[in-house]
Amino acid sequence: MKKTPYHYLYLLAGLLFPVFLQAQNLARPVLFNQAWSFHKGDIPGAEKGSDNAQWQTVDLPHDWSIEGPFSEEWASATGYLPGGIGWYKKTFIADAAWQHKQVFIYFDGVYKNSEVWINGHYLGKRPNGFIAFQYELSPYLNYKGKNTITVKADHSEFADSRWYTGSGIYRNVYLVVKDPVHVGLWDVAFSSPKVSAEKAEINVKVNITNSTKNTALIGVKVNLIDYTGKIAASLQKQFSVKPGSQQTEFEKQINSPRLWDVENPSLYKLQVQLSRNGKQIDVVNQQVGIRSIAFDKDKGFFLNGKSAKLKGVCIHDDAGALGVAVPPEVWVRRLKILKEAGVNSLRLSHNPHADYLYDLSDRMGFLVIDEAFDEWEQGKNKWVKGWNVGTPSKNGYHQYFKEWATRDVTDMVMRTRNHPSIIMWSIGNEIDYPNDPYTHEILNTGRNPQIYGKGYLPDHPAASQLTVIARQLAKAVKAVDKTRPVTAALAGVVMSNEVGFPEELDVVGYNYQEYRYPEDHKKYPNRIIYGSENGMQRQAWAAVDSNEYISAQYLWTGIDYLGEAGKWPQRSNGAGLLDLAGFKKPEYFYRQSIWAGKPMVYIGARELKIAEDRGIWSHKSVQPVWNWPANSKMRVDCFTNCQEAELFLNGKSLGKLSRSAASSNIPSWEVAYEPGELTVKGYNNGIEAGSYTIKTNTGASNIQASADVTMFGKNTKGLSQVEIQITDKNGNPVFDANNLVKVSITGAAKLLGLESGSTSSHESYQSPVRAAVHGRLLAYIQTSGKPGKVTVQLSSPGLTTKTIVLTVK
């Protein structure tokens, strides 16, 4: 079996059921994703089965918006992709063994305004498209025939978000069968109040639901099991559980604990067992970690008592061609690449994310900010014709905030509170953006005119309301978790300072306001400040690196994303270190040169005139290309964390430069272009530590490709991510190649999508043909689990064809 560096993480992501459910019976929750029926458009009476509509068979997760087409009639904010109404239904047979059990259906996320029925009985509505929820099916199940679950998702207000959200049942669905006496949904809380290298105290709270009419004598046993299978702690008690719900608590000291951190994310299995009359009736298995976190107003952030800088990126949910229905393997690949750049923290913008992403963060060693909202009870601008162009939409979650916010933020915290990766709960992003919608007289002071230029707008809601709502949300968070600080990402600190909003937070995030750090640290000496959203300029990181009291920077953004676009034809945002396909951009290498510990070196070339006119952040002007007009005057920039860098053109040294002495720590050479091979070598203490080469290509000739996984197990779906590169006859990448590449598949697999990384292409993501960008494409191939060979053929007119074989056995 071919094993990639993250092969086993794929297995963990694909084979281990998400532990967020916590309340597993002896039979674990069943993925309920297969063979649903879908209809796009409204169907009056569909919940009663009285329709004659045309339905198509789909597997979940499913995002209908990504099927397009892209059109200027939709909104730039949501990627110029359609919303609408969609219906889903699934028919199943109820097992006779369920008749004395409780049966639930769990949705990890439905966008949005979901309504659910079972056999025509209305179960409920959940407006928020990012929140997980569960309904009980038991009272309405038919044991003498078929049962039908029907789901309606209403995304008619397509311009309802500032970024692409997708539409439909875009996350996993599970069927959960429970004993009437059981551990309820999210009803185990694990924490480690005191931690050192020598010992740790753990605390486990278990809430038990008794759905019968009688008191039940229940045995509760808690095991903490290390990675070798050894029981590190075992506790048990017996007590009477009255009808309703009742909590019990366990405490234990662990000697020589294996601590979770970003370099060695050691995990334990927490097992909670319930028994009645000596028979096990329920078991919860959850991965947990022992670690301590602390924020200090003067010293920054500490993990397990050690000072650490949070080198973070913000990320959205989508993955380009796949929309928001993203298999876990895609995020494994993306997170691995980000980790190699030195990224150790993620801000999940601006909503709770898919269940598996928290598991991956635990296993791969990322510190996480989990974020609840992008707006509160007043709507923000959602641009329709391009950012800051025309009249914006005001549709969005604010319509449901007053009724649902406390419940939504509570559910967010309970769902993920046992993940060691999570270090902060964010109750909002840029809620205080001046005049969008809140306002204050301080805006007339003229400070920071690029944001506050409109000044005070008395017809807008008063900023004082921010403090009231922040207090409400912080209280809701602390009611279910006091082990982590509450934060928010502030865009208008000057305004928020006037109304006391920051004082409602434990830790205060500043978006793009590094210039305020020294002043506010002095003026508010008890405030803990960090950078919650930041640009990629060197000085933005210097504000963190040079100030002990600033613990973090979160770049906007880690990966390009759909939506928040400019004017048509742009339909995506290109602010990431990685493009939509997860390919590295020059910005990635620059960040790696600042953050990574492993030696690295990279070069990009641009014509000298362009270099003089533009900064390094124009990724189109600093690329690994060595094809230029004869006698061009070139500037070659080197991104490296090595002490010195030496450039060679066709084997001849053009000089060795010190990184520390270079402007912005970027060694640069002026070079007269000549075709051939350009190589840079990095040195530490005079010893070569790495090299990077770009070559003149002779034009597109071949297709090369590599699959991250080629061997798959049977009876389960698998995903192969195939990186496609157009090269010349010598195997050199052809950066400007834009050939149309066709993917043809023979065997039990299908193409989920082709991604080029383009932010403006309107090619259908359902097509097997796509134009390369910078000579590259990424193909997502999903195997069905049926044993046999799968042949993937990559072809393009005038290029040699490439074939890859996948094996399922």
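Residues numbered from 1 in each chain as written. Predicted model: local features only at pLDDT ≥ 70, side-chain atom pairs only at ≥ 80, totals over all residues. Heavy atoms only, no water.

Chemist: Before we go on, may I ask you to explain the overall build of the chain in this structure?
Modeler: Per the secondary structure count, the chain includes 11 helices and 46 strands. In terms of overall size, the chain behaves like a compact globule, its C-alpha atoms giving a radius of gyration of 27 Å where 809 residues would be expected to give roughly 28 Å. Projected onto the principal axes, the alpha-carbon positions of the chain cover approximately 90 × 65 × 60 Å. The buried share of the chain, reckoned over its 809 residues, is 61%. Pairs at least 24 apart in sequence give 69% of the contacts found in the chain among residues at least 6 apart. A total accessible area of about 31200 Å² is found for the chain, and carbon and sulfur atoms account for 49% of it. Counting 90 positive and 78 negative side-chain charges, the chain places the centres of these two groups 6 Å from one another. (Helix = DSSP H or I, 4+ residues; strand = E, 2+ residues; numbered from the N terminus. Rg over C-alpha atoms; globule rule 2.2 N^0.38 Å. Buried < 20%, exposed > 50% of the residue type's maximum accessible area, 1.4 Å probe, protein only. Contact = heavy atoms within 4.5 Å. Areas by Shrake-Rupley, 256 points an atom, 1.4 Å probe, with all protein chains shown as cover. Lys, Arg positive; Asp, Glu negative; His and termini not counted. Charge placed at Lys NZ, Arg CZ, Asp CG, Glu CD.)

Chemist: Explain the pairing of strand β17 (residues 279-288) here, please?
Modeler: Walk down a regular strand and you will see the side chains alternate between the two sheet faces. Of all 10 residues in β17, eight are buried, a share of seventy percent or more. Relative to β17, strand β16 (residues 268-276) is paired through nine bridges, and the arrangement is antiparallel. Of the residues in β17, the one forming a bridge with Val272 is Val284. Turn length for the β16-β17 hairpin, with the two strands adjacent in sequence and antiparallel, is two residues, and the turn residue Asn277 shows positive phi of about 55 degrees. (Pairing = 2+ DSSP bridges.)

Chemist: Looking at this structure, how should I read the side chain of Lys585?
Modeler: Mapped onto the elements, Lys585 comes out in the loop between β30 (572-573) and α10 (586-595). Residue Lys585 is classed as buried on the basis of its relative accessible area, which comes to 6%. Within the structure, the side chain of Lys585 is placed 2.8 Å from the backbone oxygen of Gly574, a separation counted as a polar contact. (Polar contact = N/O pair within 3.5 Å; in protein donor to acceptor, adjacent residues only side chain to side chain.)

Chemist: Explanation requested: helix α6 (residues 464-480) in the structure shown.
Modeler: One turn of the α-helix equals 3.6 residues, which is why residues spaced by three or four share an orientation. Of all the residues in α6, the buried ones are Leu466, Thr467, Ile469, Ala470, Leu473, Ala474, Ala476 and Val477. For α6, the secondary structure elements touched by its buried residues are α4 (401-416), β24 (422-429), β25 (486-490) and α7 (493-499).

Chemist: Explain the sheet that holds strand β43 (residues 769-771) here, please?
Modeler: Reading across the sheet, the five strands line up as β39-β46-β45-β41-β43 and stay open at both edges, with mixed pairing between neighbours. The sheet is open, and its two borders are formed by β39 (711-712) and β43, each paired with just one other strand.

Chemist: Where do I start with the side chain of Ser114 in this structure?
Modeler: Among the structural elements, Ser114 can be located in strand β6 (residues 114-118). When its relative accessible area of 0% is taken as the criterion, Ser114 is described as buried.

Chemist: Help me out: how do you make sense of the environment of Ala488 in this one?
Modeler: Note that Ala488 resides in strand β25. By relative accessible area, which is 1% here, Ala488 ends up buried. When the C-alpha atoms of Ala488 and Asn429 are compared, they prove to be 6.1 Å apart, with 59 residues separating the residues in sequence. In this structure Ala488 touches Ser426, Ile427, Gly428, Phe501, Leu505, Val507, Val508, Gly509 and Tyr530, once residues within four positions along its chain are discounted.

Chemist: Sorry if this is basic, but what is going on with the sheet that holds strand β34 (residues 652-658) here?
Modeler: Pairing is antiparallel in the open sheet, where four strands are placed in the order β34-β33-β36-β37. In this open sheet, the two edge strands, each paired with only one partner strand, are β34 and β37 (687-695). Neighbouring strand axes in the sheet, compared pairwise and without regard to direction, differ in orientation by 20 degrees on average. As defined by bridge partners, strand β33 (residues 644-649) adjoins strand β36 (residues 677-684) across six bridges and the pair is classed as antiparallel. Residue pairing across strands places Phe648 opposite Thr679, the latter belonging to β36. (Axes fitted to C-alpha atoms, helices over the stretch in contact; angles between N-to-C directions.)

Chemist: Help me understand the pattern of salt bridges, please; the structure alone is not making it clear to me.
Modeler: Oppositely charged side chains are able to pair whenever their charged atoms sit close together. Applying the stated criterion across every chain, the model contains 37 salt bridges. Here Glu249 makes a salt bridge to Lys205, at a shortest N to O gap of 3.7 Å. On the criterion of sequence distance, the pair formed by Glu249 in strand β15 (residues 244-255) and Lys205 in strand β12 (residues 199-210) is long-range, its members being 44 residues apart. Relative accessible area serves as the criterion here: at 36%, Glu249 is assigned to the partly exposed category. Judged by its relative accessible area of 29%, Lys205 falls in the partly exposed class. With a closest N to O distance of 4.0 Å, Arg407 and Asp411 form a salt bridge. With Arg407 and Asp411 both in helix α4 and four residues apart, this pair spans about one turn of that helix. For Arg407, a relative accessible area of 48% translates into the label partly exposed. Members of the salt-bridge network, linked through shared partners, are Arg126, Arg407, Asp408 and Asp411. (Salt bridge = Lys/Arg side-chain N within 4 Å of Asp/Glu carboxyl O.)

Note that all results are geometric; they support no functional claim without further evidence.
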